[in-house]
Amino acid sequence: MSMEDLYQEIILDHYRKPKNRAPALDNEDVHVHHSNPLCGDEMDLRVRVVDGNLDAVVFDGEGCSISQASASAMTQAVIGRELKDGLELAEDFRLMMHGDEPSRADDLLDGVAFQGVSKFPVRVKCALLGWMALRDAIETYQSGASAHSVTHDD
Amino acid sequence: MPFDVPTLRKEFPTLQRDLDGHRLIYLDSAASSQTPVAVLDAMDRYYRWSRSNVHRGVYQLAEEATDLYEGARTKLATFVDADPRGIVFTKNATEACNLIAYSWVRRNLGPGDALLTTVMEHHANLVPFTYAAKDLGFEVRHITLTDDGQLDLDAARDLLADGRVRFVAVSHVSNVLGTINDVATIADMARAANPGAIIHADGTQAVPHLPVSFRDLGIDSYAITGHKMLGPTGIGALIARPELLDSMEPFLSGGDMIRDVTLDGATWNDIPHKFEAGTPMIAEAAGLGAAVDMLTELGMDQIRAHERELTGQLIDALAGINDVTVHGPRDLDVRGGAVSFEVAGVHPHDVGAMLSSTGVCVRVGHHCCKPLMKCLGSNATARASVHVYNDADDLPPLVEGIEAARSFFAR
């Protein structure tokens, strides 16, 4: 297992220059906070919904390069999509992290670069953190709430 | 046994491995130490030669098994300078802390009482007591830290002043900061404020690395674990004053811990057996006995001297890297060999992964000390920790790996 399998250049680019990273979002509809006590990762994800679409998605937080880069790549892949489509793409990414070939590789954009992370079981949760926060944000919005906090225990 | 690390390393099978062409460099003994051949042999010999249960058989095998198990108790008692009747075998230090929490704290503390602990505790020496406090309504107080990562004894004096503290739980050596706490002084202070106070210490990170005399510490109970002192997993101990154990009710009940049983009741066996319900960890006790033999032969004074020097070199090596912050005291007289550090701009998980790719094993995360992490203003750190089989040759690969992580992840 080489470092290059885990840390593709595209991942490092997202880590060094994250996209859609911000501590606040104008007119936000949902704010979810996800943490992973095991490694100390913290993630805040804020979403604005317009006409049933993910109009804006920003993240902020603290964590390893994989978790931060994956959240950055996630925002690029889902902004502009319908809520339902966002959930489906999150599921595609989740299955990829568990070893499946992604069925929507083109739609995942840079998210595909994280396929190699599936070979490092302890880091899979890092790559999933942003995507699980997105899924939670959409479901929270659909339930009519505006905030939710989740602690991951694996 | 001469203290020659390259020779000593040959006793540890795992340390003979290489990982993708890199020599395995194990710097995570504060999480779990490596196991020498002598310990593996002792456990193997029990299973291959004396396999039977303890305390009941009248045949030779059972006597041998009982001798192995009780012999380990005697060896451990001598090693930590305690009465063998005060050595209760548990599965680990966490269970030992729970034993005192359930059998003493929960039966003696209530509203109006206070328990004193510290912000640097491992969850094992904190959660059993905060959990009890929630159920029973007593107060929990915390000794804070000085700027260099030692316990603030002035703050402790204030916390003890009203005489309501009836139990103290403090770590002997911090698994994150490496700080060696002055347990004996804290015990004196607590008893000066309340003569009946019970003092419990977590010796998990002390007994593998320092000469420890339970009698000289002057405390009431002490938790240790085998797997950090060259022994196997699955065995630890609560070391306590026999009079305290005598006064306590059992923690777990069932076989072997009874004197007499009727259909609706039972009376208890003598200590320490009263606290050892069911068939114990016989092979693990044999292994722990062999580990104690090895540590004794090496000499705890010599181990401490070796690790003290190496810890100084480790701190200097880490502190010499740009953007690296080292936590804990710099005074080697008050510090053990667990050294936590952070690399600015690089998450500990990424530091750990980079080091792993060249065979260097360090721990990353919160080290089961979330309240302490909060005090340090951090979610996670990396930690390198040393034991008898580490020497200065292990440091350059650590430094090179951290340098590589810095340039790889630089933003």
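Parameters and conventions
Residues numbered from 1 in each chain as written. Chains lettered and ligands numbered in written order. Predicted model: local features only at pLDDT ≥ 70, side-chain atom pairs only at ≥ 80, totals over all residues. Heavy atoms only, no water. Helix = DSSP H or I, 4+ residues; strand = E, 2+ residues; numbered from the N terminus. Expected span 1.5 Å × (residues − 1). Buried < 20%, exposed > 50% of the residue type's maximum accessible area, 1.4 Å probe, protein only. Contact = heavy atoms within 4.5 Å. Buried area = accessible area lost by both parts, 1.4 Å probe. Salt bridge = Lys/Arg side-chain N within 4 Å of Asp/Glu carboxyl O. Polar contact = N/O pair within 3.5 Å; in protein donor to acceptor, adjacent residues only side chain to side chain. Nonpolar A, V, L, I, M, F, W, Y, C, P; charged D, E, K, R; others polar. Domains from an automatic or database assignment.

Focus on helix α4 (residues 83-97) of chain A
Residues and elements named next belong to chain A.
(1) Moving on: Given a rise of 1.5 Å per residue, 15 residues ought to cover 21 Å, and the 21 Å separating the end C-alpha atoms of α4 matches this to within 8%.
(2) Moving on: Buried within α4 are the following residues: L83, D85, G86, L89, A90, D92, F93, M96 and M97.
(3) Moving on: Those residues of α4 hidden inside the fold are in contact with β2 (41-50), β3 (53-62), α3 (65-78), α5 (105-108) and α6 (121-142).
(4) Moving on: One or two residues past the end of α4 sits G99, with phi positive at roughly 105°.

Structural notes on the interface of chain A and chain B
Accessible area lost on assembly of the parts is the figure often given for the size of an interface.
(1) Moving on: Across the contact, 20 residues belong to chain A and 19 residues belong to chain B.
(2) Moving on: Buried area between chain A and chain B, summed over both chains or domains, comes out near 1600 Å², and the portion from carbon and sulfur atoms is 52%.
(3) Moving on: When the area that chain A buries against chain B is broken down by residue, the three leading residues are A:M3, A:Y15 and A:R16, summing to 36%.
(4) Moving on: Applying the counting criterion to the chain A and chain B interface returns 1 salt bridge.
(5) Moving on: Two residues, B:D350 and A:R123, come together in a salt bridge whose shortest N-O distance is 3.0 Å.
(6) Moving on: In this structure, the connection of chain A to chain B is made through 7 residue pairs in polar contact (both at pLDDT 80 or more).
(7) Moving on: Residue assignment for the side of chain A that touches chain B shows that the elements contributing at least two residues are α1 (3-6), α2 (9-16), β2 and α6 of chain A.
(8) Moving on: The class makeup of the residues in the side of chain A that touches chain B is 10 nonpolar, 3 polar and 7 charged.

Some remarks on the pattern of salt bridges
Residue and element names in this part refer to chain B.
(1) Moving on: In this structure the tally under the stated criterion is 36 salt bridges over all chains.
(2) Moving on: For D83, the salt bridge identified is with R85, shortest N-O distance 3.3 Å.
(3) Moving on: Overall, D83 belongs to the partly exposed group, its relative accessible area being 22%.
(4) Moving on: Under the relative-accessibility criterion, R85 is labelled partly exposed at 42%.
(5) Moving on: For D220, the salt bridge is made with R241, and the minimal N-O distance between the two is 2.7 Å. With D220 in the loop between α8 (214-217) and β9 (221-225) and R241 in the loop between β10 (236-240) and α9 (242-247), the pair connects residues that are 21 residues apart, well separated along the chain.
(6) Moving on: Its relative accessible area of 3% is what places D220 among the buried residues.
(7) Moving on: We classify R241 as partly exposed; its relative accessible area is 29%.

Observations concerning the domain arrangement of chain B
Residues and elements named next belong to chain B.
(1) Moving on: Looking at the assigned domains, one finds that chain B contains domain 1 (5-31 + 300-409) and domain 2 (41-296).
(2) Moving on: Of note, the centres of domain 1 and domain 2, computed from C-alpha atoms alone, are 28 Å apart.
(3) Moving on: Across the boundary between the two partners, domain 1 contributes 35 residues, which contact 30 residues of domain 2.
(4) Moving on: The contact between domain 1 and domain 2 buries some 2500 Å² in all, and 64% of this surface belongs to carbon and sulfur atoms.
(5) Moving on: It is M300, L372 and H387 in domain 1 that bury the most area against domain 2; as a group they hold 24% of the surface buried on that side.
(6) Moving on: Here domain 1 and domain 2 share 0 salt bridges between them.
(7) Moving on: Inspection of the domain 1/domain 2 interface yields 15 residue pairs in polar contact (both at pLDDT 80 or more).
(8) Moving on: The element best represented in the side of domain 1 that touches domain 2 is helix α13 (residues 370-376), accounting for 6 residues.
(9) Moving on: For the side of domain 1 that touches domain 2, the per-class residue count stands at 19 nonpolar, 8 polar and 8 charged.

Some words on the side chain of B:H227
Residue and element names in this part refer to chain B.
(1) Moving on: With respect to the helices, strands and loops of the structure, H227 is situated in the loop between β9 and β10.
(2) Moving on: The class of H227 is buried, set by a relative accessible area of 17%.
(3) Moving on: Polar side-chain contacts of H227 include one of 2.7 Å to the side chain of S32.
(4) Moving on: Beyond its immediate sequence surroundings of up to four residues, H227 is in contact with A31, S32, S33, P232, T233 and I235.

As for the environment of A:M43
All names here are of chain A.
(1) Moving on: Within the fold, M43 resides in strand β2.
(2) Moving on: Placed 105 residues apart in sequence, M43 and H148 show a C-alpha to C-alpha distance of 12 Å.
(3) Moving on: When near neighbours in sequence (up to four residues on either side) are disregarded, M43 contacts V32, H33, H34, F59, D60, G61, S67, Q68, A71, L129 and G130.

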